[in-house]
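Residue strings, one per chain:
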Amino acid sequence: MEIKAIRGFNDILPSEIRKWQFVERIAREVFEGFGFSEIRIPVLERTELFARGIGESTDIVEKEMYTFLDRSGNSVTLRPEATASIARAYLEHQLYSFDPVAKLYFIGPMFRYERPQKGRYRQFYQVDAEVFGVGNPMVDAEVILMLMHFLKKVGLERLELHLNSLGCRACRPRYREDLRNFLKRKTFQLCRDCQRRLQMNPLRIFDCKVQTCQEAIVEAPRVIDFLCEDCQIHFDKVKEYLQMVGLDYILNPRMVRGLDYYTRTAFEVVSYHLGAQNAVTGGGRYDNLFKEIGGPDIPGIGFAVGMERLISLLPNERHTISRPHLFIAALSGEPQKEAYRLVNQFHLEGIWAELDYEGKSLKSQMRRADKLKARFTLILGDEEMRKGKAILRDMDTHTQEEVFISDLLKIFKEKVSPQKSTPS
Ligand code: AMP
């Protein structure tokens, strides 16, 4: 029987890869322009890093982690998100000893055992950015500015920035209690999961998609009405700095984010083209995370962009698969050997050339050149070759000319500039 991929685990095929490469390139350019450095973290971590970092009562830790015992009996987990791992690496390698402020980004796959559906997979990719070591609200606005700039540069339109404050350890418990008391009166309206959440972590109920749960929270108390003085000042400053950097936002007191480690600023960017799973990205401040994972008191803020969702929003036309610069159609014998020599000479110069390996007829080689959408085709026959010449056909304009084989490399170097993968 043919072996198929596991449900929720996708292949990214060559026909899609241009978009991925494009998004990754823009991410690197934008983030590095804001002073961020790339970090690469392992796929596998000790389970307790996520259990403690993300929070035991979150959906991720409760039911979505790929956790198993390795051959030595240690509990390990495929990373469901990057922040906890990046924080661990920052502590483990004492990156703070060089400079307490670290701006780091990461691009890679995450793993969550969720019910696969459109826009929700078990392996999915995130672009992640984190700033450690600054509690000042200036950084909150700066990180959000970088995120919005990145999304704009990849070409996303009709985006809304949703903003909230989740308070801190001083003020959130009072809010949580108030919310719990409010929702207790509506227990009969809540789904089974939310009835459990009501005990464990009532804020999670905001994330539930069940209609009756959504209705139950319509008039729920709002976390921003419970902020302590410090959190209120922080939130006001974030709004002020967002205005200073020219960003519009929508205050959304119902957006609470699915991870326990968030404190104060929380944000999501929503696209109207995505439907139910409409958050392209989410993030926030997490001033308790470092302590949770056994480190000192270090503030942090960051975001994660879902690559699949982002890519589903990009227009197709601009990221079509590229075409060979040249197809060399040759008669068998000496011309084919010459074609082989030329193709590899071209490859060493970064020029994409193709040839026929199977000794097919010239006609069928020309058909393949057409199918591959080669920009030019070089036709190598016995007669021309004896004169050191070949026919170069422009496949877009359908014109052709005789050229000296010895001039070919020069001709193509002029046609293909280093930045362009496809000659004009
Ligand atoms: P989170 O880490 O849950 O805040 O998610 C950040 C972003 O990652 C979301 O806004 C989504 O775009 C993306 N994301 C989260 N879970 C999945 C998933 N299961 N499949 C695809 N993308 C996801």
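Keep in mind that this is a model prediction, so the values were computed, not measured. (Residues numbered from 1 in each chain as written. Predicted model: local features only at pLDDT ≥ 70, side-chain atom pairs only at ≥ 80, totals over all residues. Heavy atoms only, no water.)

**Student:** Explain a nonpolar patch on the surface residue by residue, including any values.
**Tutor:** Together, Val-43, Leu-44 and Phe-68 line one region of the surface with nonpolar side chains, adding up to about 230 Å² of accessible area. Positionally, Leu-44 belongs in strand 2 (residues 44-46). (Patch = residues over 30% accessible without salt bridge, like charges linked within 9 Å, V, L, I, M, F, W, Y side chains within 5 Å. Areas by Shrake-Rupley, 256 points an atom, 1.4 Å probe, with all protein chains shown as cover. Salt bridge = Lys/Arg side-chain N within 4 Å of Asp/Glu carboxyl O. Helix = DSSP H or I, 4+ residues; strand = E, 2+ residues; numbered from the N terminus.)

**Student:** Describe the packing of aromatic side chains, with residues and values.
**Tutor:** Counted under the stated rule, the structure contains 16 aromatic pairs. Looking at Arg-122, its charged tip hangs above the ring of Tyr-113, at a distance of 3.8 Å from the centre. Between Lys-389 and the ring centre of Phe-404, over which it is positioned, the NZ or CZ distance is 4.9 Å. (Phe/Tyr/Trp six-rings, centres within 6.5 Å; stacked < 30°, edge-to-face > 60°. Lys NZ or Arg CZ within 6 Å of the ring centre and 35° of its normal.)

**Student:** Quick one: what's the story with the pattern of salt bridges, residue by residue and with numbers?
**Tutor:** Inspection of every chain in the model, using the stated rule, returns 27 salt bridges. We note a salt bridge from Arg-196 to Asp-193, for which the minimum N-O separation is 3.3 Å. Here Arg-196 and its partner Asp-193 are both found in helix 7 (residues 192-200), three residues apart, which amounts to about one turn of the helix. Here Arg-196 falls in the partly exposed class, since its relative accessible area comes to 35%. (Buried < 20%, exposed > 50% of the residue type's maximum accessible area, 1.4 Å probe, protein only.)

**Student:** Residues and numbers for the sheet that holds strand 3 (residues 66-69), please.
**Tutor:** Spatial strand order, 2-4-3: three strands in an open sheet with antiparallel pairing. For this open sheet the edge positions go to strand 2 and strand 3, each flanked by a neighbour on one side alone. This sheet shows a mean twist of 35° between the axes of neighbouring strands, independent of strand direction. In terms of strand pairing, strand 2 meets strand 4 (residues 75-78) through three bridges, oriented antiparallel. Residue pairing across strands places Arg-46 opposite Val-76, the latter belonging to strand 4. Each of strand 2, strand 3 and strand 4 is contacted by helix 2 (residues 47-54), which is oriented at about 75° to strand 2, the strand it contacts most. (Pairing = 2+ DSSP bridges. Axes fitted to C-alpha atoms, helices over the stretch in contact; angles between N-to-C directions. Contact = heavy atoms within 4.5 Å.)

**Student:** Describe the confidence of the model for the protein chain, listing the residues and the values that go with them.
**Tutor:** When pLDDT is averaged along the protein chain, the result is 92; 96% of the residues meet or exceed 70. Every residue in residues 419-424 scores below 50 in pLDDT, and together they form 15 contacts with partners more than four places removed in sequence or on other chains. (pLDDT = per-residue confidence, 0-100.)

**Student:** How would you explain the site of the ligand if you had to name every residue and give the values?
**Tutor:** Inspection of the region around the ligand gives 14 residues, with Arg-112, Glu-114, Tyr-121, Gln-126 and Arg-257 positioned closest. At 2.8 Å, a side-chain N or O of Arg-112 approaches an oxygen atom of the ligand. Between the ligand and Gly-306, the relevant distance is 3.5 Å, taken from an oxygen atom to a main-chain nitrogen or oxygen of the residue. Taken together, the elements giving at least two residues each to the shell around the ligand come down to strand 6 (123-132), strand 10 (279-285) and strand 11 (300-306). With three residues, the top contributor of residues to the shell around the ligand is strand 10. A per-class count over the shell around the ligand returns five nonpolar, four polar and five charged. (Near = heavy atom within 4 Å. Polar contact = N/O pair within 3.5 Å; in protein donor to acceptor, adjacent residues only side chain to side chain. Nonpolar A, V, L, I, M, F, W, Y, C, P; charged D, E, K, R; others polar.)

**Student:** Explain the nonpolar core to me, using residue names and the numbers behind them.
**Tutor:** Ile-86, Phe-132 and Leu-183 are the most contacted members of the largest nonpolar core, which has 52 residues in total. In terms of residues, this core owes the most to one element, helix 4 (residues 83-92), which gives six residues. If near-sequence neighbours (up to four positions away) are discounted, Leu-183 is found in contact with Leu-190, Leu-198, Ile-205, Ala-216 and Ile-217. Counting 48 residues, the second largest nonpolar core, distinct from the first, contains Val-143, Met-146, Leu-147 and Leu-247. (Core = buried A, V, L, I, M, F, W, Y, C linked by side-chain atoms within 4.5 Å.)

**Student:** Account for the environment of Gly-155, with residues named and values stated.
**Tutor:** Looking at the secondary structure, you find Gly-155 in the loop between helix 5 (137-153) and strand 7 (159-165). Gly-155 sits in the partly exposed class, given a relative accessible area of 23%. C-alpha of Gly-155 to C-alpha of Leu-314: the two residues are 159 residues apart in sequence and 7.0 Å apart in space.

**Student:** So what's going on with the sheet that holds strand 13 (residues 353-355)? Residues and values would help.
**Tutor:** Overall, mixed pairing links the five strands, which are arranged 13-12-14-15-16 in an open sheet. Two strands bound the open sheet, and with one partner strand each, they are strand 13 and strand 16 (399-404). Within this sheet the neighbouring strands show an average axis-to-axis angle of 25°, counted without direction. Strand direction decides the pairing type here: strand 14 (residues 376-380) and strand 15 (residues 389-394), joined by four bridges, are antiparallel. Opposite Phe-376, over in strand 15, you have Asp-394 as the bridge partner. Sheet contacts for helix 12 (residues 334-348): strand 12 (326-330), strand 13 and strand 14; angle to strand 13, the most-contacted strand, approximately 155°.

**Student:** Quick rundown of the domain arrangement of the protein chain? Include the residues and the values.
**Tutor:** The accessible area lost on association of the parts is a frequent measure of interface size. If you check the domain split of the protein chain, you get domain 1 (14-171 + 227-318) and domain 2 (326-415). The C-alpha-based centres of domain 1 and domain 2 are spaced at 49 Å. (Domains from an automatic or database assignment.)

**Student:** Describe unusual backbone geometry, listing the residues and the values that go with them.
**Tutor:** The phi torsion at Gln-94 lies on the positive side, around 45°, for a residue other than glycine. Mapped onto the elements, Gln-94 comes out in the loop between helix 4 and strand 5 (102-111). In this structure, Arg-158 is a non-glycine residue whose phi angle is positive, near 55°. Tracing the backbone shows Arg-158 in the loop between helix 5 and strand 7. By relative accessible area, which is 58% here, Arg-158 ends up exposed.

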